[in-house]
Amino acid sequence: MPLPKGYIDSDALDKIAELLGDIKQSSYAAMDVQPSHKVFDLGCGPGTDTIPLASLVGREGLVVGVDYDADMLVHAQQRAEQAGVATWVRHEQADAMALPFADNYFDSARSERVFQHLPEPTQALSELVRVTKPQGWVVIIDPDWGSFSIDSEDTDIERRIARYAASPALNNGYSGRTLNRLFKQQGLTDIRVQTFPVTVTSNAFLRLSIQADRNEQAMLEAGLLSPEELQQWRSSQAQADAEGVYFAAVNIILCVGRKP
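Residues numbered from 1 in each chain as written. Predicted model: local features only at pLDDT ≥ 70, side-chain atom pairs only at ≥ 80, totals over all residues. Heavy atoms only, no water.

Now for the overall build of the protein chain. Counting secondary structure elements, the protein chain contains 10 helices and 7 strands. The C-alpha radius of gyration computed for the protein chain amounts to 19 Å, which stays within 12% of the reference 18 Å derived for 260 residues, consistent with globular compactness. The buried share of the protein chain, reckoned over its 260 residues, is 51%. Total accessible area on the protein chain stands at roughly 11800 Å², and carbon and sulfur atoms take up 49% of it. Computing the positive centroid from 23 side-chain charges and the negative centroid from 35, the protein chain places the two 7 Å apart. (Helix = DSSP H or I, 4+ residues; strand = E, 2+ residues; numbered from the N terminus. Rg over C-alpha atoms; globule rule 2.2 N^0.38 Å. Buried < 20%, exposed > 50% of the residue type's maximum accessible area, 1.4 Å probe, protein only. Areas by Shrake-Rupley, 256 points an atom, 1.4 Å probe, with all protein chains shown as cover. Lys, Arg positive; Asp, Glu negative; His and termini not counted. Charge placed at Lys NZ, Arg CZ, Asp CG, Glu CD.)

This is the structure we're talking about:
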């Protein structure tokens with residue numbers, strides 16, 4: 001299965017997870033997870049969220065995580081075994097557009113930073129709603145890359161890089177701002193939306209998070225940056241980092257809705 005736009009590896013996902021810990025906890029609370037519940041995580045990666053969810057549902061419950069990436073699933077299952085929760089946590093390969101589960105199967109469902117990658121987010125949300133029980137909560141966390149900014153005096157270059165990070169580097173880079181509308185179109189009720197501003201003060205971390213090397217090379221090849229502009233950009237960003245004044249920010253949107 002080909003890698004999607006914006007793909008990052010499990011090591012990078014682990015680093016990002018540390019930054020987003022409070023947002024993750026908010027998503028678990030929004031799911032209203034109870035002991036013995038069956039809960040679902042779309043785009044589980046290396047088990048970042050399935051293992052914490054396992055402690056909430058307990059041995060009588062079930063956590064199912066799916067991902068398109070078989071290597072991620074190997075990491076996830078190994079971590080579940082190391083955490084001693086593998087008997088009630090499953091990790092499976094699946095397509096977000098056609099989930100292999102019965103209607104009304106899970107007590108709640110979540111997805112985090114997955115919809116930004118999807119060319120057909122409406123279908124994916126429809127599937128999340130379908131597999132969730134009536135009165136169950138559907139929770140999605142996704143960034144709005146239209147809010148992405150990096151402090152720089154090279155504002156023209158910065159805007160080009162920020163726009164590229166949203167599109168075409170991602171299939172659905174403005175996903176976060178669309179969630180409220182998509183939830184309402186799916187007929188979900190009791191919808192709540194919360195915005196989390198996330199700041200980054202490390203050039204290396206930001207470059208890892210947005211796969212800057214890959215994006216910048218693509219921009220060079222497309223004529224969106226000149227070699228001289230890219231050298232200038234990298235130099236100024238490294239200098240800001242060395243001086244301790246580096247700053248970047250993006251909004252992360254958490255949207256919660258109940259299936260009627």
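A few words on the pairing of strand β5 (residues 132-150). Judged from the 6 bridges that link them, strand β4 (residues 106-112) and β5 form a sheet pairing that is parallel. Residue pairing in the sheet places Ala 109 in a bridge with Val 138 of β5. Handedness of the crossover joining β4 and β5 through helix α5 (residues 121-131) is recorded here as right-handed. (Pairing = 2+ DSSP bridges. Right-handed = clockwise from strand over helix to strand, strands pointing away.)

Right, let's get into the environment of Leu 254. Inspection of the secondary structure puts Leu 254 in strand β7 (residues 248-258). Here Leu 254 falls in the buried class, since its relative accessible area comes to 4%. Sequence spacing of Leu 254 and Leu 179 is 75 residues, and the spatial spacing of their C-alpha atoms is 8.4 Å.

It is worth spelling out the packing of aromatic side chains at this point. In the structure shown here, the tally under the stated rule is 6 aromatic pairs. Here Phe 101 and Phe 106 contribute two aromatic rings whose centre-to-centre distance is 5.2 Å and whose plane-to-plane angle is 80°, an arrangement assigned as edge-to-face. Of the two residues, Phe 101 and Phe 106, both sit in the buried class. Among the aromatic residues, ring-to-ring pairing joins Phe 40, Phe 101, Tyr 105 and Phe 106 into one connected group. Here the guanidinium or amino end of Arg 192 rests over the ring plane of Trp 137, the centre of that ring lying 5.2 Å away. (Phe/Tyr/Trp six-rings, centres within 6.5 Å; stacked < 30°, edge-to-face > 60°. Lys NZ or Arg CZ within 6 Å of the ring centre and 35° of its normal.)

Turning to the pattern of salt bridges, a few remarks are in order. Counted according to the given criterion, the structure contains 20 salt bridges. Across the salt bridge formed by Glu 216 and Arg 234, the nearest N and O atoms sit 2.8 Å from each other. Within this pair, whereas Glu 216 is found in helix α9 (residues 212-222), its partner Arg 234 is found in helix α10 (residues 227-242), the two being separated by 18 residues in sequence. Three or more residues joined by partner-sharing salt bridges are found here, namely Lys 24, Asp 41, Asp 49, Arg 110, Glu 112 and Arg 113. (Salt bridge = Lys/Arg side-chain N within 4 Å of Asp/Glu carboxyl O.)

Let's shift gears to the sheet that holds β7. The strand order across the open sheet formed by 7 strands is β3-β2-β1-β4-β5-β7-β6, and the pairing between neighbours is mixed. The sheet is open, and its two borders are formed by β3 (89-93) and β6 (189-200), each paired with just one other strand. Across the sheet, the mean angle separating the axes of adjacent strands is 15° when strand polarity is ignored. Alignment of strand β1 (residues 38-42) against strand β2 (residues 62-67), held across 5 bridges, turns out to be parallel. (Axes fitted to C-alpha atoms, helices over the stretch in contact; angles between N-to-C directions.)

Here we take up the side chain of Ser 175. Its place among the elements puts Ser 175 in helix α7 (residues 175-185). Leaving out residues up to four positions away in the same chain, Ser 175 has contacts with Phe 115, Gln 116, Asp 142 and Pro 143. (Contact = heavy atoms within 4.5 Å.)

The end-to-end C-alpha separation of helix α4 (residues 70-83) is 20 Å, in line with the 20 Å expected for 14 residues at 1.5 Å each. Along α4, the residues classified as buried are Met 72, Leu 73, Ala 76 and Ala 80. Burial along α4 is one-sided: seen end-on, the buried residues are contained in an arc of 95°. Turned more than 90 degrees away from the buried face of α4 sit Asp 71, Glu 81 and Gln 82, all of them exposed. Lining the buried residues of α4 we find α1 (10-19), α3 (50-57), β2 and β3. Of the residues that open α4, the one with a side-chain oxygen 2.9 Å from the backbone nitrogen of Asp 71 is Asp 69. One or two steps after α4, the chain reaches Gly 84, where phi turns positive at roughly 75°. (Expected span 1.5 Å × (residues − 1). Arc of directions from axis to C-beta. Polar contact = N/O pair within 3.5 Å; in protein donor to acceptor, adjacent residues only side chain to side chain.)

Our focus in this paragraph is the environment of Gln 217. Assignment of secondary structure puts Gln 217 in helix α9. Considered as a pair, Gln 217 and Ala 238 are 21 residues apart in the sequence and their alpha carbons are 18 Å apart.

What follows is about the packing of helix α6 (residues 155-166) against α9. Here α6 crosses α9 at 105°, and the two axes come no closer than 11 Å. One finds that α6 runs roughly perpendicular with respect to α9. Across from Arg 160, Ile 161, Tyr 164 and Ala 165 in α6, the residues of α9 making contact are Asn 215, Ala 218 and Met 219. (Parallel < 35°, antiparallel > 145°, perpendicular 65-115°, else oblique.)

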